[in-house]
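Take a look at the letters that make up each chain.
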Amino acid sequence: MQYDLSNNPVFEAKPFLKWAGGKKQLIETIESKFPDEIKSSRKIDKYFEPFVGGGALFFYLMSNYHISEAYIYDINRELILTYEAIKNNPNELIEELKVLSDEYIPKPQDERKEMFLDIRQKFNDAIPDFDFDNYNDDYIQRAAYTIFMNKTCFNGLFRLNRNMEFNVPHGRYKKPLICDEENIRNVSEALQHTTIVCGSFLESEDLIDDKSLVYLDPPYRPISNTSNFNTYAGNDFNDDSQRELGEYYKRISDKGAKAILSKIGKRFLIIWKIILWKLAFSIV
């Protein structure tokens, strides 16, 4: 990673996917909750984001702070696969995306939809036999499909059904930016010294210590049966998961970690206050 004379990174990375619940508009508010020593020095010893999602805050920090160690986690295996492909093979991924973009953009709307549905079907058909546990060349094309569908589907959603299949319909965009070459290269640069884990937030706990800054942005708890956005990974983050997260928060706080938790809506915040009432934590 390259740094300027003030020891800050010299690239600007941003999320490479549209992501429900992204925190791009709240970065300034979240940053205001950082300890003064971090804000003044622009240095973070160890940064953890156990629910990385689209990574708006993560990429901002990697572009504006000197971070000695960074760790990102998510249970969404398709998302983590794409992070890994960008980290390991940005050039090959860019070439795949250029091919998809060059084919898709000139087509009329009905043929665009046909192409989208064909790729979605290929993406879903590959699931039973795909090796999600061992990085290989197949990750590059699958990551390209993920980015392509995210940029061309309805409202930029990423949603998986119980069979872990992508089920968002085709969208209608005049000229979607399918291949953002410059950003993919910047994202790859940001990921070079980042540990990427497909797994539960709990897997981060043993590595967290009093030198750690932890940002937690858990899936939202739905307030009705029709407002459930937790199935972006094909799994529910239910009340038991929320309580488990509360206990995790207490444990890492007891270690001395500097932890920031995004609230999950006013209604459920009451439960959080009961679970965490002894903790002096920041909620943004």
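Preceding this paragraph is the structure being described.
The following refers to the structure shown. Not measured: the values here are computed from a predicted model. Sequence positions are assigned chain by chain, starting from 1 and proceeding in written order. This being a predicted model, a pLDDT of at least 70 is required before a residue's local features are given, and a value of 80 or more before pairs of side-chain atoms are given or counted; all residues contribute to the totals for chains, interfaces and linings. Processing note: side-chain calculations cover all non-hydrogen atoms of the structure and skip hydrogens and water entirely.

**Some details on a negative patch on the surface**
- On the surface, Glu92, Asp131, Asp133, Asp137 and Asp138 cluster together into a patch of negative charge.
- By secondary structure assignment, the location of Asp138 is in helix H7 (residues 138-152). Patch membership is restricted to residues that have no salt bridge and whose relative accessible area is over 30%. Joining uses 9 Å for like charges and 5 Å for the nonpolar side chains Val, Leu, Ile, Met, Phe, Trp and Tyr. Surface accessibility in these figures is a Shrake-Rupley result with a 1.4 Å probe; residues are shielded only by whichever protein chains are displayed. Salt bridge, as applied in this entry: a Lys or Arg side-chain nitrogen positioned within 4 Å of an Asp or Glu carboxyl oxygen. Positive residues here are Lys and Arg, negative ones are Asp and Glu, while His and the chain termini are left out of the count. In this description, the location of a charge corresponds to atom NZ of lysine, CZ of arginine, CG of aspartate or CD of glutamate. By the criteria applied, helices consist of DSSP H or I runs no shorter than four residues and strands consist of E runs no shorter than two, each listed in order from the N terminus.

**Here we look at the nonpolar core**
- Only buried Ala, Val, Leu, Ile, Met, Phe, Trp, Tyr and Cys residues count toward a nonpolar core, and they belong to the same one when joined by side-chain atoms within 4.5 Å. Only protein chains enter the calculation, and the probe is 1.4 Å; a residue is then buried if its accessible area is under 20% of its type maximum, exposed if over 50%, and partly exposed in between. In terms of nonpolar packing, the biggest core is built from 63 residues, with Tyr47, Phe58, Tyr83, Phe148 and Phe166 touching the most fellow members.
- No other element matches the eight residues that H7 contributes to this core.
- Phe51, Tyr71, Ile208 and Leu216 belong to the second largest nonpolar core, which has 17 residues in total.

**Quick look at the pairing of strand E4 (residues 212-216)**
- For E4, a buried count of five out of five residues is recorded, marking the element as mostly surrounded by other parts of the structure.
- Because side chains alternate across E4, one face comprises the buried residues Ser212, Val214 and Leu216, and the other comprises Leu213 and Tyr215, equally buried.
- Sheet analysis places strand E1 (residues 43-49) next to E4, joined by three bridges and oriented parallel. By the bridge assignment for E4, Lys46 is matched with Ser212. Whether two strands pair depends on DSSP finding at least two bridges between them.

**Some words on the packing of helix H6 (residues 109-125) against H7**
- Axis lines are fitted through C-alpha atoms, for helices just across the contact stretch, and the angle between N-to-C directions can take any value from 0 to 180 degrees. Closest axis-to-axis distance for the H6/H7 pair is 10 Å, and the angle between their directions is 140°. With respect to H7, the axis of H6 lies oblique. As H6 packs across H7, the resulting crossing turns out to be left-handed. Of the residues in H7, those touching H6 at Met115, Phe116, Ile119, Arg120, Lys122 and Phe123 are Arg142, Tyr145, Thr146, Phe148, Met149 and Thr152.
- Of the residues assigned to the contact of H6 with H7, the class counts are seven nonpolar, two polar and three charged. For classification purposes, angles smaller than 35 degrees are called roughly parallel, those larger than 145 roughly antiparallel, those between 65 and 115 roughly perpendicular, and all remaining angles oblique. Handedness of a crossing follows from how the near helix is turned relative to the far one, being left-handed for an anticlockwise turn of less than a right angle and right-handed for a clockwise one. When checking whether two residues touch, look at their non-hydrogen atoms; a contact exists if any pair is within 4.5 Å. Charged means Asp, Glu, Lys or Arg here, nonpolar means Ala, Val, Leu, Ile, Met, Phe, Trp, Tyr, Cys or Pro, and polar covers whatever is left, Gly included.

**Brief notes about the environment of Ser188**
- Here Ser188 lies in helix H8 (residues 181-191).
- Assessed through its relative accessible area of 6%, Ser188 is described here as buried.
- Separated by 101 residues in sequence, Ser188 and Lys87 have C-alpha atoms that sit 4.5 Å apart.

**Quick notes on the pattern of salt bridges**
- Going through the model one piece at a time under the given rule, you end up with eleven salt bridges.
- When the shortest N-O distance is used, the salt bridge between Lys122 and Asp118 registers 3.4 Å. Of this pair, Lys122 and Asp118 are both found in helix H6, four residues apart, which corresponds to roughly one turn of the helix.
- With relative accessibility at 40%, the residue Asp118 sits in the partly exposed group.
- Two residues, Lys250 and Asp254, come together in a salt bridge whose shortest N-O distance is 3.0 Å. Of the two residues, Lys250 and Asp254 both sit in helix H9 (residues 239-254), four residues apart, roughly one turn of that helix.
- Look at Lys250 and you get partly exposed, because its relative accessible area is 38%.
- Put simply, Glu95, Lys98, Glu181 and Arg185 are held in one network by salt bridges that share partners.

**Concerning the packing of helix H5 (residues 90-104) against H6**
- Taken N-terminus to C-terminus, the directions of H5 and H6 make an angle of 145°; their axes are 10 Å apart at the nearest point. Contacts between H5 and H6 pair Leu100, Glu103 and Tyr104 from the former with Arg112, Met115 and Ile119 from the latter.
- A per-class count over the contact of H5 with H6 returns four nonpolar, no polar and two charged.

**Observations concerning the packing of aromatic side chains**
- For Phe, Tyr and Trp, rings pair up if their centres lie within 6.5 Å, where Trp contributes its six-membered ring, and each pair is then called stacked (planes under 30 degrees apart), edge-to-face (over 60) or tilted (otherwise). Enumeration according to the criterion identifies 15 aromatic pairs in this entry.
- Arranged with centres 6.4 Å apart and planes meeting at 75°, the rings of Phe123 and Phe166 form a pair that is edge-to-face. Within this pair, whereas Phe123 is found in helix H6, its partner Phe166 is found in the loop between H7 and H8, the two being separated by 43 residues in sequence. As far as burial versus exposure is concerned, Phe123 and Phe166 are alike and both buried.
- Taken together, a centroid distance of 4.8 Å and an interplanar angle of 55° make the contact between Phe130 and Phe132 tilted. Note on accessibility: Phe130 and Phe132 belong to one class, buried.
- Ring pairing ties together the aromatic residues Phe16, Phe58, Phe59 and Tyr83, which thus form one cluster.

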